[in-house]
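What follows is each chain in one-letter form.
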Amino acid sequence: MEIQRLVLPGPAPTAHDAAGLCERLARLYEDGARAVECDARAVTAPGLGAVEVLARLRLAARGRPLRVTGAAPGLRALLDLVGLVELLGEAEQREPPCGVQEGVEADDLAV
């Protein structure tokens, strides 16, 4: 089975939405999904409820691939603030993308 899609309710998911979404996520993986994309386009008024939903989904994924797509800037900022920015599939600030190594110049002073 290919990548499956799970849609977050808008405009602001709450903690009450988490249980049902986690059950749907578990079913998608049980049915053979190799990865799940969580569509957040409907989340236009993100708050801590949305962050809780995404944190619970991350736990429910149990290390399996889960990525948030369509996140508005407000949701992106909240995920960055609480340390869940990796759900967006982007490198964290001040962290080089995978496979990129910082170079050392010959005339750099030792720290």
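Trainee: I'd love a proper account of the overall build of the protein chain, names of residues and values included.
Mentor: For the protein chain, the count of helices and strands is 3 helices and 3 strands. In the protein chain, the order of α-helices and β-strands from amino to carboxyl end is β-α-β-α-β-α. Scored against the burial criterion, the 111 residues of the protein chain give a buried share of 31%. Residue pairs in contact within the protein chain that sit at least 24 positions apart in sequence constitute 75% of those at least 6 positions apart. Counting every atom, the protein chain has about 7,300 Å² of accessible surface; 52% of that belongs to carbon and sulfur.

Trainee: An account of the side chain of D39 is requested, with residue identities and associated values reported.
Mentor: By the element assignment, D39 lies in strand β2 (residues 36-39). Polar side-chain contacts of D39 include one of 2.7 Å to the side chain of R41. Leave out the neighbours within four places in its chain, and D39 touches R5, L6, V7, L8 and T69.

Trainee: Can you lay out the sheet that holds strand β3 (residues 66-69) for me, pointing to particular residues and giving the numbers?
Mentor: Reading across from one edge, β1-β2-β3 is the order of the 3 strands in this open sheet, with parallel pairing throughout. Strand pairing shows two members of the sheet lacking a second neighbour, β1 (4-7) and β3, which therefore form its edges. Within this sheet the neighbouring strands show an average axis-to-axis angle of 30°, counted without direction. The pairing of β2 with β3 spans 4 bridges and is classified as parallel. By the bridge assignment, D39 is partnered in β3 with T69. Across the face of the sheet, helix α1 (residues 15-30) comes into contact with β1, β2 and β3 while running at roughly 175° to β1. Packing of helix α2 (residues 48-61) onto the sheet brings it into contact with β1, β2 and β3, and relative to β3 it is tilted by some 150°.

Trainee: Please provide a residue-by-residue account of the environment of Q4, values included.
Mentor: Looking at the secondary structure, you find Q4 in strand β1. Its relative accessible area of 24% is what places Q4 among the partly exposed residues. Along the sequence, Q4 and E37 sit 33 residues apart, while their C-alpha atoms lie 6.2 Å from each other. Setting aside its immediate chain neighbours within four residues, Q4 contacts L28, A33, A35, V36 and E37.

Trainee: Hey, could you go over the pattern of salt bridges for me, with residue numbers and the actual values?
Mentor: Scanning the model with the defined rule gives 6 salt bridges in all. Between D39 and R41 there is a salt bridge, with its nearest N and O atoms 2.7 Å apart. The shortest N-O distance in the salt bridge between E86 and R58 comes to 2.9 Å. A residue pair is termed long-range when its members are at least 10 positions apart, and E86 in the segment after α3 (73-81) and R58 in helix α2 qualify at 28 residues. For E86, a relative accessible area of 30% puts it in the partly exposed group.

Trainee: Help me get a handle on the nonpolar core, residues and values and all.
Mentor: Core analysis: the biggest nonpolar cluster contains 30 residues, and L8, L25, L54, L57 and L66 have the highest contact counts within it. Broken down by secondary-structure element, the contributors of at least two residues to this core are α1, β2, α2, β3 and α3. Among the elements that make up this core, the one with the highest residue count is α2 (7 residues).

What counts and how
- Residues numbered from 1 in each chain as written.
- Predicted model: local features only at pLDDT ≥ 70, side-chain atom pairs only at ≥ 80, totals over all residues.
- Heavy atoms only, no water.
- Helix = DSSP H or I, 4+ residues; strand = E, 2+ residues; numbered from the N terminus.
- Buried < 20%, exposed > 50% of the residue type's maximum accessible area, 1.4 Å probe, protein only.
- Contact = heavy atoms within 4.5 Å.
- Areas by Shrake-Rupley, 256 points an atom, 1.4 Å probe, with all protein chains shown as cover.
- Polar contact = N/O pair within 3.5 Å; in protein donor to acceptor, adjacent residues only side chain to side chain.
- Pairing = 2+ DSSP bridges.
- Axes fitted to C-alpha atoms, helices over the stretch in contact; angles between N-to-C directions.
- Salt bridge = Lys/Arg side-chain N within 4 Å of Asp/Glu carboxyl O.
- Core = buried A, V, L, I, M, F, W, Y, C linked by side-chain atoms within 4.5 Å.

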